[in-house]
Each structure stands twice: as structure tokens, then as C-alpha cells.
Amino acid sequence: MMALTVETCPQCGAPASANRRKCEYCKSEFFISDLSQVAGKSSTEVQKYVSFYKSNIAKDDGDADSVTGLGLCYLQLKLFKEAAQFLEKGRDLAPERPSTYFYLAMAIMGRKRPKILSRTDVQKVEELLEAAISLDSDYAAAHALLAIVRHDYYELNGLRCPGTPPAALVGRAKTGKWARADHERMVELNNYPDNEYCDLLIDLRAIIKS
Ligand SMILES: [Zn+2]
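Residues numbered from 1 in each chain as written. Predicted model: local features only at pLDDT ≥ 70, side-chain atom pairs only at ≥ 80, totals over all residues.

Novice: Lay out the overall build of the chain in plain terms, naming residues and giving numbers.
Specialist: For the chain, the helix and strand inventory stands at ten helices and zero strands. For the chain, the C-alpha radius of gyration of 18 Å lies close to 17 Å, the compact-globule estimate for 210 residues. Each of the three principal axes of the chain carries a C-alpha extent, and together these read 55 × 35 × 30 Å. Within the chain, counting contacts between residues at least 6 apart in sequence, those at least 24 apart form 55% of the total. (Helix = DSSP H or I, 4+ residues; strand = E, 2+ residues; numbered from the N terminus. Rg over C-alpha atoms; globule rule 2.2 N^0.38 Å. Contact = placed C-beta atoms within 7 Å.)

Okay, here's the thing in C-alpha cells:
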């Protein structure tokens, strides 16, 4: 797959040198691949990325970086339906990236607490998180989110929990690799109730290295 040619920086408008992925003037990355890259930005700056990715997609709707980047912007803006649509397409275009599965799971969950999700959505979220873990077995945030979803949906609804049980997943979340941004986005974007697993997510903050 050919990468799109970037002519100007989406953030400051400076001309971009050939094959550069980062602005030489304002140092912005042209393509975002995780939420930490937009988390600290103003809505104006996020909108600049949205416009840039949309215009790239108009030229080439198979550009995985632009499709995934647009999905991440929508997730940051809490437009969960649009985020899910583009992250799913980004996942199909570049199925080797574990983070896209994780962010797609977050988009499907939206602001609903896991306990009240539909069974179809819960199973979809589980499949996505398991796929992220199979691509990266140290993906701590994916283990933690899967533990929270399984505890809240199955255990608290009195249902039999399939697969690896929440307590074991939490153990893996503690020993895996954490990105502080993933942790902060999880706490801010989704809706977690007060229960032991969600409290544990908050507590995990202490062991996360930035
Ligand atoms: Zn720039």
C-alpha cells in the first residue's frame, strides 16, 4: 500500500518535506496512532486533524493511517458511533495493529456501563480485546478492560463468565505494559461503575510508568 503524500502540516500549514511523517516546524505528527497524541489538544486542533484525514480519505479511502486517525479523533470527541465506524474500517485495512482493536472496543462501549450493554456488543468487545491480546500479550489496558467488562456484565448479572476470568485478567493487567495515556483515556471516556474492578483500574494508576 502506497502512503499518501502529505503536502502541508495539518496543524500549522507549513509545507511538508517529501516522505516526512512529522512537521519540521511545529513538530506535530501527521498521523496519530494512539489517543495520547490527541488527548492534550484543543478541539480546534483535533478538528484540524479531522479535516486533514477527511481530505486524505476523499483521495484514497483505503489509507489505513487516515481512516484510523479519523476514528481516533472521533473517539476523543466522544462521537462513539462515528469512531466505531472508522476504527472498524481501519482495523480491516491494517489488522496487525493491536491498539485499533482496543480503541474500537472502547468506541463500542461508549458511555454505557458494561452491565447494560447488549449481549451482541459485549461479545464483540470481548472478541476485540482478545484479538488485541493475541497480537500483544503484554497489552495491560486490554486485559484490564476485558476484566471490567466480564465482571460487570457476566458476574454482576449472575451469568456464567466465558473465557479467562476477571481475577486472572487483572493479574495480567498488573504485570503487562501500561501506557499512561491508555489508562487516562479509559477512565475518562467510558463509563465505569463503582465496583472492585473499576476501583482497581483507578488504583492501577500507581503502578503505571509514564
Ligand atoms: Zn506543523
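Novice: I'd like a rundown of the domain arrangement of the chain, residues and numbers included.
Specialist: Per the domain assignment, the segments of the chain are domain 1 (1-17 + 26-95) and domain 2 (100-210). One C-alpha centre belongs to domain 1, the other to domain 2, and the line joining them spans 25 Å. Every element with two or more residues in the side of domain 1 that touches domain 2 is listed here: α1 (36-39), α3 (64-76) and α4 (80-93). Considering each element in turn, the side of domain 1 that touches domain 2 owes the most residues, seven residues, to α4. Partitioning the side of domain 1 that touches domain 2 into residue classes produces nine nonpolar, three polar and four charged. (Domains from an automatic or database assignment. Nonpolar A, V, L, I, M, F, W, Y, C, P; charged D, E, K, R; others polar.)

Novice: Can you break down the environment of P114 residue by residue, with the values?
Specialist: Here P114 lies in the loop between α5 (98-109) and α6 (119-135). Put simply, P114 and F80 are 34 residues apart on the chain and 15 Å apart in space, counted from C-alpha to C-alpha. Apart from the residues lying within four places of it in its own chain, the contact partners of P114 are M109, I148, V149, D152 and Y153.

Novice: Let's hear about the packing of α6 against helix α7 (residues 140-155): which residues, and what values?
Specialist: The N-to-C vectors of α6 and α7 enclose an angle of 155 degrees; their axes lie 9 Å apart at closest approach. In terms of orientation, α6 and α7 fall into the roughly antiparallel class. The chirality of how α6 crosses α7 is left-handed. Between α6, through V122, V125, E126, L129, A132 and I133, and α7, the contact on the second element is made entirely by A142, H143, L145, L146, V149 and Y153. When its residues are assigned to classes, the contact of α6 with α7 shows ten nonpolar, one polar and one charged. (Axes fitted to C-alpha atoms, helices over the stretch in contact; angles between N-to-C directions. Parallel < 35°, antiparallel > 145°, perpendicular 65-115°, else oblique. Left-handed = near helix turned anticlockwise from the far one by under 90°.)

Novice: How would you summarise the packing of α7 against helix α8 (residues 166-175) if you had to cite specific residues and measurements?
Specialist: The N-to-C vectors of α7 and α8 enclose an angle of 160 degrees; their axes lie 8 Å apart at closest approach. Put simply, α7 runs roughly antiparallel to α8. Relative to α8, α7 is oriented so that their crossing is left-handed. In this structure, α7 uses A140, H143, A144, L146, A147, R150, H151 and E155 to contact α8, whose residues at the interface are P166, L169, V170, R172 and A173.

Novice: Lay out the confidence of the model for the chain in plain terms, naming residues and giving numbers.
Specialist: Taken residue by residue, the chain gives an average pLDDT of 89. The fraction at 70 or more is 92%. Between the elements of the chain, mean pLDDT differs from a low of 67, seen in helix α10 (residues 196-204), to a high of 98, seen in α4. (pLDDT = per-residue confidence, 0-100.)

Novice: So what's going on with the environment of L135? Which residues, and what values?
Specialist: Assignment of secondary structure puts L135 in helix α6. Residue L135 is classed as partly exposed on the basis of its C-beta count, with 17 C-beta atoms lying within 10 Å. Sequence separation of L135 and R97 is 38 residues, and the distance between their C-alpha atoms is 7.7 Å. L135 has contacts with E96 and P98, leaving out every residue within four places of it along the chain. (Buried ≥ 20, exposed ≤ 12 C-beta atoms within 10 Å, placed from the backbone.)

Novice: Give me the lowdown on the nonpolar core, citing residues and values where you can.
Specialist: Core analysis: the largest hydrophobic core is formed by 58 residues, its most contacted members being F102, A105, L129 and L145. Broken down by element, the residue count for this core peaks at eleven residues, all from α7. Counting contributing residues per domain, this core is built from domain 1 (1-17 + 26-95) and domain 2 (100-210), each supplying no fewer than three. If near-sequence neighbours (up to four positions away) are discounted, F102 is found in contact with L129, A132, Y139, A141 and A142. (Core = buried A, V, L, I, M, F, W, Y, C linked by C-beta atoms within 7 Å.)

Novice: Please set out α7 residue by residue, giving values where relevant.
Specialist: Along its 16 residues, α7 runs 21 Å from first to last C-alpha, staying within 8% of the 22 Å computed at 1.5 Å per residue. In terms of burial, α7 is largely enclosed, as 15 of its 16 residues are buried. (Expected span 1.5 Å × (residues − 1).)

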